[in-house]
Structure formats: structure tokens, C-alpha cells
Amino acid sequence: MFEWFLIRATGTVAYLLLYLSVIIGLYSQVQKKRKQKVTITLFLHESLSNWALYLVLVHVGLLLIDTYISFQWYEVLIPFNTYYKPLPMAMGALSLYFLSITVVTSKARKKLGYQKWRKLHALNPILYILVTLHGLFIGTDFQGNILAVINIVPLILMGVMLQRQEQKQSAIK
């Protein structure tokens, strides 16, 4: 039972770190449009993503040693290859791959070139949607209405900030 709580805790904390990384990433885009420095926010954005990946790896490792369900490695790492909630498990496995790609390509951003990296980074909404759905469908830790509010409110705030910035720029011109 202790492993099961650790599995849930690492998954939940990884999700919260990813959530914060997304919010900070969006905020840094707003700051860029305002011609503000974003060095600290981008460092925080990347660090939170890294820690989310580390916790996801622990989450997966704990699934493999848990005796309650006794997953095999292929059930956890190969999408749709499990008897236990195949769709949510597949979303979790795909999320692991998307997050890994995001972290690795961000570290190789200079070698890849900004344009290629930007195109790869543009896939991150898919990652976030998959992780959110994984959390909603696999367990009871996330309630749909609470999760919707948590995800919608910051997006509305960012939209309002962008709108105000555009209005200020239009007034200046």
C-alpha cells in the first residue's frame, strides 16, 4: 500500500511541476512580447520541467516494483499493452515520451537550431493534454471540475494580459 501512495504522490507532484512549468512558460512569452527580460523565468521553466521528468521516472519505477497490480515493464512503457486501464496507461506512457523529448530537445536547442526546436516545443500542448487526461482517467486524485478550473483560470489571465499589452501597443502607435 505504501508504494501505491508513493506512485500517486510522485505522479501528482510531477503534474503540478509540469503545470507550473507551463504557466511560467506562457508568462515568459507574455514578458517577451513586453520586451522584458525572461532569463530567470526561462531558467525556472526549464528546471521545473526537468524535475517533473525526474519524478515521472520515479513514478514509472515505482509502478514496476509495486506488488498491488504487478506491472511488467512492457505494460508501463509500451502504449496499449496492458490489461489495466489501457487507454489511460497509454496516455501516461506517451506523456513520458513527449516529456522526455521536450527535455532532451530543450537541452540540445542550440545544436538543433531555434526553428526546429520551436516546432518540437509546439507539440507540448499535446503532452499537457495527455498528462491531464491520464490523471483524470487513471485515478481518483483529480476531479474534473477542479482540474478544469485550475487549467482554465491561468489561461484566461494570460489572455487578458496579452490583450492589454496589445491595446497598449495600439495606443502607442
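Residues numbered from 1 in each chain as written. Predicted model: local features only at pLDDT ≥ 70, side-chain atom pairs only at ≥ 80, totals over all residues. Heavy atoms only, no water.

## Details of empty space enclosed by the protein
1) Next: Overall, the coordinates contain one cavity of 30 Å³ or more when judged by the stated rule.
2) Next: Of the volumes computed, that of the largest cavity is approximately 50 Å³.
3) Next: Counting residues per element, the ones that place at least two in the lining of the largest cavity are α4 (86–107) and α6 (114–121).
4) Next: Sorting elements by how many residues they give to the lining of the largest cavity places α4 first, with four residues.
5) Next: Classifying every residue of the lining of the largest cavity gives four nonpolar, four polar and no charged. (1 Å grid on protein atoms, 1.4 Å probe; cavity = no way out; pocket = protein on both sides within 12 Å on 5 of 7 lines; lining within 4 Å. Points joined across faces, edges and corners; volume = space filled by probe spheres on them. Helix = DSSP H or I, 4+ residues; strand = E, 2+ residues; numbered from the N terminus. Nonpolar A, V, L, I, M, F, W, Y, C, P; charged D, E, K, R; others polar.)

## Brief notes about the packing of aromatic side chains
1) Next: The full count for this structure, using the stated rule, is six aromatic pairs.
2) Next: Consider the rings of Trp-4 and Tyr-68, whose centres lie 5.7 Å apart with planes at 50°: the pair is tilted. Here Tyr-68 lies in the loop between α2 (39–65) and α3 (73–77) and Trp-4 lies in helix α1 (residues 2–33), a separation of 64 residues in the sequence.
3) Next: Judged by its relative accessible area of 64%, Tyr-68 is exposed.
4) Next: For the ring pair Tyr-15 and Tyr-128, a centre distance of 5.7 Å and an interplane angle of 25° mean the geometry is stacked. (Phe/Tyr/Trp six-rings, centres within 6.5 Å; stacked < 30°, edge-to-face > 60°. Buried < 20%, exposed > 50% of the residue type's maximum accessible area, 1.4 Å probe, protein only.)

## Re the packing of α4 against helix α7 (residues 124–138)
1) Next: In the contact formed by α4 and α7, the axes pass within 8 Å of each other and the chain directions differ by 150°. Note on packing geometry: the crossing formed by α4 with α7 is left-handed. For the pair α4 and α7, contact is made by Pro-88, Met-89, Met-91, Gly-92, Leu-94, Ser-95, Phe-98, Leu-99 and Thr-102 and by Asn-124, Ile-126, Leu-127, Leu-130, Val-131, Leu-133, His-134, Phe-137 and Ile-138, respectively.
2) Next: Class assignment of the residues belonging to the contact of α4 with α7 gives a composition of 13 nonpolar, five polar and no charged. (Axes fitted to C-alpha atoms, helices over the stretch in contact; angles between N-to-C directions. Left-handed = near helix turned anticlockwise from the far one by under 90°. Contact = heavy atoms within 4.5 Å.)

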